[in-house]
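Descriptive analysis of the structure
Now for the letters of each chain:
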There are 2 protein chains.
Amino acid sequence: MINIAILGYGNLGKGIEKAVLKNPDMKLAAIFTRRDPKTLTTKSAAPVLNVSEIESWQGKIDVLILCGGSATDLPEQTPKYAKMFNVVDSFDTHAKIPTHFKNVDEASRANKKTAAISVGWDPGMFSLNRLYANCIMPDGCDYTFWGKGVSQGHSDAVRRIEGVLDARQYTIPIESALEAVRAGKNPKLTTREKHKRECFVVLKEGADPKKVEQQIVTMPNYFDEYDTTVHFITKEELDKNHSGIPHGGFVIRCGETSPNVKHVIEYSLKLDSNPEFTTSVLIAYARAIYRLNKEGNYGAKTVFDIAPSYLSPKTHQELISTML
Amino acid sequence: MINIAILGYGNLGKGIEKAVLKNPDMKLAAIFTRRDPKTLTTKSAAPVLNVSEIESWQGKIDVLILCGGSATDLPEQTPKYAKMFNVVDSFDTHAKIPTHFKNVDEASRANKKTAAISVGWDPGMFSLNRLYANCIMPDGCDYTFWGKGVSQGHSDAVRRIEGVLDARQYTIPIESALEAVRAGKNPKLTTREKHKRECFVVLKEGADPKKVEQQIVTMPNYFDEYDTTVHFITKEELDKNHSGIPHGGFVIRCGETSPNVKHVIEYSLKLDSNPEFTTSVLIAYARAIYRLNKEGNYGAKTVFDIAPSYLSPKTHQELISTML
């Protein structure tokens, strides 16, 4: 049994708790939180502890899954805990990945630990598909589309507007752009041509819908480069129809292997729950990290650095007999 | 530069010749054939030699790509040449892969060589996607659809019927089945419900179309379990409209991460040329095998055993900066 622990009991932490149940070779050993453990209601029998106690768990945990955010939690937490445990995180600030990798690599390697960073679906499974497709077809073009899905960042941005009580924002890929890409036309697409945005907004009493809508659609970086539709709905409608966290997207590469001989490689995800899918990927990589560490393979890894067979509970013989 | 050699100058051999041109870190060093080298017209400047001379090329070739067939060539060739060279093959008889793996592993390991077997798209990229999706979602169902594409085996079977001058057979996935799978309905599908077959047939003079059609649609294993449409056309039409070797397909896994929380992972290929795409995959794995061998990692490998970063000519730093 692989003993898994969680640090952080938000959406990702709750997802790990569920994902462990789907993997019979794993056991949830502990949940660590920065909050008062008594305030947490968890779904498993695993003990809930304050993070201040984590050091004493060295040797009792095979892999610690870091479920904090990329903005401030993980840059500090992952290198720190990679000194004590094998760790997996979902660090997703693409531009800062090289620095994060270096910090985690040094911390884990010096302490004979193994770490996987930036695991999930983007970065993660989408990155893998970009890499494989680029290696197979060096002569081609890449396209990534996201959605239909909830963007937490954009939903938060709408919620910060004066007069808004609550809001949910969906990122939606534009079907005609997807079709042009799939047809191998290698189109040059602007931001506006690739995705549109749809907002469901609950107003505070007395707020002016025209004014709120104007503030949304003109918001720099978040909305001004997109065609955005704003729907005003009641709090009840929002809670009933928009409480899920679906997401997904498409990674497409079109290329040529000789003049006019074209190929299209497409990978897509359609996810009912972004955090539950992300944590299912994290757990598979936790298995890989556990094994790599047993083999004496230390330091930081990304999805690029790990052979696929390490993710599976099956033996090599089973894999080549049943899945190849 | 990685020195590549080809054994066998059929569709795959010709594909390797083109694929090498797309990879600036590679050079085609030699083409080996069982035929009289003088009878071959190749497209590159690489020397063409009879296979009897191959032993003297040890040390001059980094990776030998075996471009023979799975039925009789590769079971004999791959273990034989894995003693002398790093090799890559596209062995695709799924049921015999474990035996082939064992034979190649013993031969290569004993001689400090590295080999990749069963590389291509199925087995190959499709296998990888089955594996990743299964590891992420242990609770789910797998579906593989092939096509639209030319099946050489089925085309050959039609050609063997008396009265048939030439023929081309297309395997076509049934759209409604694909849609049911994508909708997460986990349908139980019979052979007939997943694919249909379409044949374009040129008759010999005097042949009876009714009789030929009947023989095709009732042919055991090849056609009797499918809905098959037969079109009779002229030799000119066949050559003009059906001379390509397109193929492709879909690997889909639908699963749940908690009750009623569903996800769909889909990978698809749309290929103008089956052999050119297959050889593009072979060449990427040739790069990986070359590197693994340099690191002292010997023996047989499958796509499951090779970390994705080995396929790329980019450095690790470049990969995590640009593709993760």
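Structure shown above.
To keep things clear, this report deals only with the structure shown in the data block. (Residues numbered from 1 in each chain as written. Chains lettered and ligands numbered in written order. Predicted model: local features only at pLDDT ≥ 70, side-chain atom pairs only at ≥ 80, totals over all residues. Heavy atoms only, no water.)

1. Focus on the overall build of chain A
Just so we agree on the cut-off: Numbering of helices and strands runs from the N terminus, with a helix taken as a DSSP run of H or I at least four residues long and a strand as a DSSP run of E at least two residues long. A simple rule labels every residue: compare its accessible area, found with a 1.4 Å probe on the protein chains alone, to the largest value its type can have, and call it buried under 20%, exposed over 50%, or partly exposed in between. Here, residues are in contact when the closest pair of their heavy atoms is within 4.5 Å. For the area figures, the Shrake-Rupley method with a 1.4 Å probe applies, and any residue is considered shielded solely by the protein chains shown.
Across its full length, chain A holds eleven helices and 14 strands. With the C-alpha coordinates of chain A rotated into their principal frame, the extents come out at 60 × 60 × 35 Å. In chain A, which comprises 324 residues, the proportion classed as buried is 59%. Relative to all contacts within chain A whose residues are 6 or more apart in sequence, the contacts with residues 24 or more apart total 67%. Roughly 13800 Å² of accessible area belongs to chain A as shown, and the carbon and sulfur atoms make up 49% of that amount.

2. Describing the interface of chain A and chain B
The line we're drawing: Buried area: the accessible surface (1.4 Å probe) lost by two parts on joining, summed over both. We define a salt bridge as a side-chain nitrogen of Lys or Arg found within 4 Å of a carboxyl oxygen belonging to Asp or Glu. In protein, a polar contact means a hydrogen-donor-capable atom and an acceptor-capable atom, both N or O and within 3.5 Å, with residues adjacent in sequence counting only if both atoms are side-chain atoms; elsewhere, any N or O pair within 3.5 Å suffices. Nonpolar residues are Ala, Val, Leu, Ile, Met, Phe, Trp, Tyr, Cys and Pro. Charged residues are Asp, Glu, Lys and Arg, and all others, Gly as well, are polar. A pair of strands is labelled paired if DSSP reports no fewer than 2 bridges between them.
At the junction of the two partners, chain A supplies 65 residues and chain B supplies 65 residues. Each partner contributes to the roughly 5600 Å² buried at the junction of chain A and chain B, and carbon and sulfur atoms together form 64% of this total. The tally of links between chain A and chain B comes to two salt bridges. For the pair chain A and chain B, the number of links is 27 residue pairs in polar contact (both at pLDDT 80 or more). Among the elements of the structure, α3 (97–110), α4 (125–136), β12 (247–258), β13 (261–271), α10 (274–294) and α11 (316–322) of chain A are those that each provide at least two residues to the side of chain A that touches chain B. At eleven residues, β13(A) tops the list of elements feeding residues into the side of chain A that touches chain B. Considered class by class, the residues forming the side of chain A that touches chain B number 33 nonpolar, 19 polar and 13 charged. In this sheet, strand β13 (residues 261–271) of chain B lies alongside β13(A) in antiparallel orientation, the contact comprising nine bridges. Of the residues in β13(B), the one forming a bridge with A:Y267 is B:Y267.

3. Some words on the pattern of salt bridges
Taken as a whole and assessed by the stated rule, the structure comprises 32 salt bridges over all chains. For A:R182, the salt bridge identified is with A:E175, shortest N-O distance 3.9 Å. On the basis of relative accessibility, which here comes to 18%, the residue A:R182 falls in the buried class. With a shortest N-O distance of 2.7 Å, B:E276 and B:K18 are connected by a salt bridge. Linking B:E276 in helix α10 (residues 274–294) with B:K18 in helix α1 (residues 11–21), this pair joins segments that are 258 residues apart in sequence. Overall, the relative accessible area of 7% leaves B:E276 in the buried class. Here the salt bridges do not stand alone but share partners, grouping A:D156, A:R159, A:D166, A:K235 and A:D239 into one network.

4. What to know about the packing of aromatic side chains
Residues and elements named next belong to chain A. Defined as follows: Here is the rule: rings of Phe, Tyr and Trp (six-membered ring for Trp) pair when centre to centre is within 6.5 Å. Planes less than 30 degrees apart are stacked, more than 60 are edge-to-face, and the remainder are tilted.
One pass over the structure, following the stated rule, counts nine aromatic pairs over all chains. Seen from their ring centres, Y170 and F200 are 5.8 Å apart, and the 85° between their planes marks the pair as edge-to-face. Placement of Y170 in strand β9 (residues 164–173) and of F200 in strand β10 (residues 195–203) is noted, with a sequence separation of 30 residues between them. On the accessibility criterion, Y170 (6% relative accessible area) is buried. Members of the aromatic cluster, connected to one another through ring pairs, are W121, F126 and Y267.

5. Section: the sheet that holds strand β2 (residues 26–33) of chain B
Residue and element names in this part refer to chain B. Basically, it comes down to this: The axes are straight lines fitted to the C-alpha atoms, using for helices just the contacting stretch, and the angles between their N-to-C directions are given from 0 to 180°.
Strand order across the open sheet formed by seven strands is β3-β2-β1-β4-β5-β6-β14, with parallel pairing between neighbours. Because the sheet does not close on itself, it has two edges, and the strands there are β3 (48–50) and β14 (299–301). Geometrically, the sheet is characterised by an average inter-axis angle of 25° between neighbouring strands, direction not taken into account. Pairing between strand β4 (residues 63–66) and strand β5 (residues 86–88): three bridges, direction parallel. Of the residues in β5, the one forming a bridge with V63 is N86. In this fold α10 packs onto β1 (2–7), β2, β4, β5, β6 (114–116) and β14, with an angle of close to 155° to the strand it touches most, β5.

6. A closer look at the packing of α4(A) against helix α4 (residues 125–136) of chain B
Selection criterion: Throughout, the term roughly parallel applies to angles under 35 degrees, roughly antiparallel to angles over 145, roughly perpendicular to angles from 65 to 115, and oblique to all others.
Axis separation between α4(A) and α4(B) bottoms out at 13 Å; the angle between their running directions is 170°. In terms of axis orientation, α4(A) runs roughly antiparallel to α4(B). Each of A:M125, A:L128, A:N129, A:Y132 and A:I136 in α4(A) lies in contact with α4(B), whose residues at this interface are B:M125, B:L128, B:N129, B:Y132 and B:I136. In the contact of α4(A) with α4(B), the residues fall into eight nonpolar, two polar and no charged.

7. So, the nonpolar core
To be explicit about the condition: Note on terminology: a nonpolar core comprises buried Ala, Val, Leu, Ile, Met, Phe, Trp, Tyr and Cys residues joined through side-chain atoms within 4.5 Å.
Formed by 160 residues in total, the largest nonpolar core has its most connected members in A:I4 and B:I4. If sequence neighbours within four positions are ignored, B:I4 has contacts with B:I16, B:V20, B:M26, B:K27, B:L28, B:A29, B:A30, B:V63, B:I65, B:I283 and B:A286.

8. With respect to the packing of helix α2 (residues 73–81) of chain B against helix α3 (residues 97–110) of chain B
Residue and element names in this part refer to chain B. Between α2 and α3, whose axes approach to 8 Å, the crossing angle comes to 20°. Judged by the angle between their axes, α2 and α3 are roughly parallel. Along the contact surface, α2 presents L74, P75, T78 and P79, while α3 presents H100, N103, V104 and A107. Its residues assigned to classes, the contact of α2 with α3 comprises five nonpolar, three polar and no charged.

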